[in-house]
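Reading the structure
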Amino acid sequence: MKVNEDYSLAVNTEINAENIKRALKVLIDNGIDPDEAGVVLEAIGYTLLDMCLDTDGMTL
């Protein structure tokens, strides 16, 4: 998929604790330091979803 300035995508899914934990695991499995995975996921949430994906206190 080529992404350009005109690209728009509507996402219709529930974001819950289980999905956030899965996303953290994907980040860690792909080389993100476990101590930084929450910060990276929060940044993705702010950037793509305009919301905070609070990962404080979550364990995998």
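Everything discussed here concerns the structure shown above.
Here's a quick rundown of the structure. Per chain, residue numbering runs from 1 following the sequence as it is written. Restriction of local features to residues with pLDDT of at least 70 applies here, the model being predicted, together with a cutoff of 80 or more for giving and counting side-chain atom pairs; totals for whole chains, interfaces and linings are based on all residues. The basis for every side-chain value is the complete set of heavy atoms in the structure, and neither hydrogens nor water enter the calculation.

**Quick notes on unusual backbone geometry**
Under the convention used in this document: The helix count covers DSSP runs of H or I at least four residues long, the strand count covers runs of E at least two residues long, and both are numbered beginning at the N terminus.
Within the chain, Asp-50 stands out as a residue other than glycine whose phi angle is a positive 55°. With respect to the helices and strands, Asp-50 occurs in the segment after α2 (34-49).

**Some details on the side chain of Thr-55**
Quick reminder of the rule: Whether a residue is buried, partly exposed or exposed follows from its accessible area with a 1.4 Å probe, protein chains only, as a fraction of its type maximum: under 20%, in between, or over 50%, in that order.
Along the chain, Thr-55 turns up in the segment after α2. Judged by relative accessible area, which is 10%, Thr-55 ranks as buried.

**Side note on the nonpolar core**
Stated precisely, the cut-off is as follows: Buried Ala, Val, Leu, Ile, Met, Phe, Trp, Tyr and Cys residues that are joined via side-chain atoms within 4.5 Å together make up what is termed a nonpolar core. We call two residues in contact whenever any of their non-hydrogen atoms come within 4.5 Å of each other.
One finds Ile-20, Leu-24, Leu-27, Ala-37, Leu-41 and Leu-53 forming the largest nonpolar core, which totals six residues. Those elements giving two or more residues to this core turn out to be α1 (17-29) and α2. By residue number, the principal contributor to this core is α1, which donates three residues. Leaving out residues up to four positions away in the same chain, Leu-27 has contacts with Ile-32, Ala-37, Val-40 and Leu-41.

**Focus on the pattern of salt bridges**
To keep it simple, the criterion reads: Counted as salt bridges are all cases of a side-chain nitrogen of Lys or Arg within 4 Å of a carboxyl oxygen of Asp or Glu.
One pass over the structure, following the stated rule, counts one salt bridge. Note that Asp-29 is salt-bridged to Lys-25, the shortest N-O span being 2.7 Å. Of the two residues, Asp-29 and Lys-25 both sit in helix α1, four residues apart, roughly one turn of that helix. Of the residues examined, Asp-29 reaches a relative accessible area of 52% and is grouped as exposed. What makes Lys-25 partly exposed here is its relative accessible area of 44%.

**Notes on a nonpolar patch on the surface**
Spelled out, the test is: Only residues whose relative accessible area exceeds 30% and that form no salt bridge are eligible for patches; like-charged ones are grouped when within 9 Å, while nonpolar side chains (Val, Leu, Ile, Met, Phe, Trp, Tyr) are grouped when within 5 Å. Only the protein chains shown count as cover for residues, with accessible areas throughout obtained via the Shrake-Rupley method and a probe of 1.4 Å.
A contiguous nonpolar surface patch, about 430 Å² in accessible area, is contributed by Ile-15, Ile-44, Leu-48, Leu-49 and Met-51. Tracing the backbone shows Met-51 in the segment after α2.

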